[in-house]
Amino acid sequence: MSLKKSGLQREVLALYRRALRMVRTKPVLTQPKFLLFVRYNFHTQASSVSPRNVAAIEHLIRRGRRQLEMYEQSSVRDCQISRAMSDWEQSRRGSWTTSQ
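All values derive from a computational prediction rather than experimental measurement.

S.K.: Quick question: what am I supposed to make of the side chain of K26 here?
M.R.: Within the secondary structure, K26 sits in the loop between α1 (7-24) and α2 (31-47). For the buried K26, which has no salt bridge, the nearest side chain bearing the opposite charge is E72, at an N-O separation of 8.5 Å. Residue contacts for K26: discarding those within four places in its chain leaves Q31, F34, Y71, E72, Q73 and V76.

S.K.: Would you mind going over the packing of α2 against helix α3 (residues 54-72) with me for this structure?
M.R.: A pair of packed helices is captured by two measures, namely the crossing angle of their axes and the spacing between those axes. Contact geometry of α2 with α3 gives a least axis separation of 12 Å together with a crossing angle of 170°. Judged on the interaxial angle alone, α3 and α2 are roughly antiparallel. Between α2, through F34, F37 and Q45, and α3, the contact on the second element is made entirely by L60, R63, Q67 and Y71. Residues belonging to the contact of α2 with α3 are distributed by class as follows: four nonpolar, two polar and one charged.

S.K.: Looking at this model, I keep getting lost on the pattern of salt bridges. Mind explaining?
M.R.: Opposite charge on two side chains permits them to pair, given that their charged atoms come into close proximity. By the definition in use, this model includes five salt bridges. Across the pair R18 and E72 runs a salt bridge whose closest N-O atoms are separated by 2.8 Å. Of the two residues, R18 sits in helix α1 while E72 sits in helix α3, which places them 54 residues apart along the sequence. Residue classification places R18 among the partly exposed positions, given a relative accessible area of 24%. R83 is the salt-bridge partner of D87, the closest N and O atoms lying 3.6 Å from each other. Of the two residues, D87 and R83 are both situated in helix α4 (residues 83-99); the distance of four residues between them amounts to about one turn of the helix. With relative accessibility at 39%, the residue D87 sits in the partly exposed group. Residue R83 is classed as exposed on the basis of its relative accessible area, which comes to 65%.

About the criteria used
Residues numbered from 1 in each chain as written. Predicted model: local features only at pLDDT ≥ 70, side-chain atom pairs only at ≥ 80, totals over all residues. Heavy atoms only, no water. Helix = DSSP H or I, 4+ residues; strand = E, 2+ residues; numbered from the N terminus. Buried < 20%, exposed > 50% of the residue type's maximum accessible area, 1.4 Å probe, protein only. Lys, Arg positive; Asp, Glu negative; His and termini not counted. Salt bridge = Lys/Arg side-chain N within 4 Å of Asp/Glu carboxyl O. Contact = heavy atoms within 4.5 Å. Axes fitted to C-alpha atoms, helices over the stretch in contact; angles between N-to-C directions. Parallel < 35°, antiparallel > 145°, perpendicular 65-115°, else oblique. Nonpolar A, V, L, I, M, F, W, Y, C, P; charged D, E, K, R; others polar.

Okay, here's the thing in structure tokens:
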């Protein structure tokens, strides 16, 4: 049984899908970096705010849209990955392979 999503949940999912589509428009060699950037930012932002804090979520959606508009520009061809992002990815891969 699927629960109906709220308007805010639909907005977040739409923003995430739009970000994933943006990744596919980037050069093949930089797509993994953009994908990590998107996944890391969504995960850290989601874990930093309470699901009941609607004002904070709306703020993050507006900020995410502005940032995504910047990254969607064709002149943006690469992005920087921080050490924290790399470490996060490694920890996620490690926990995924040990649970399999």
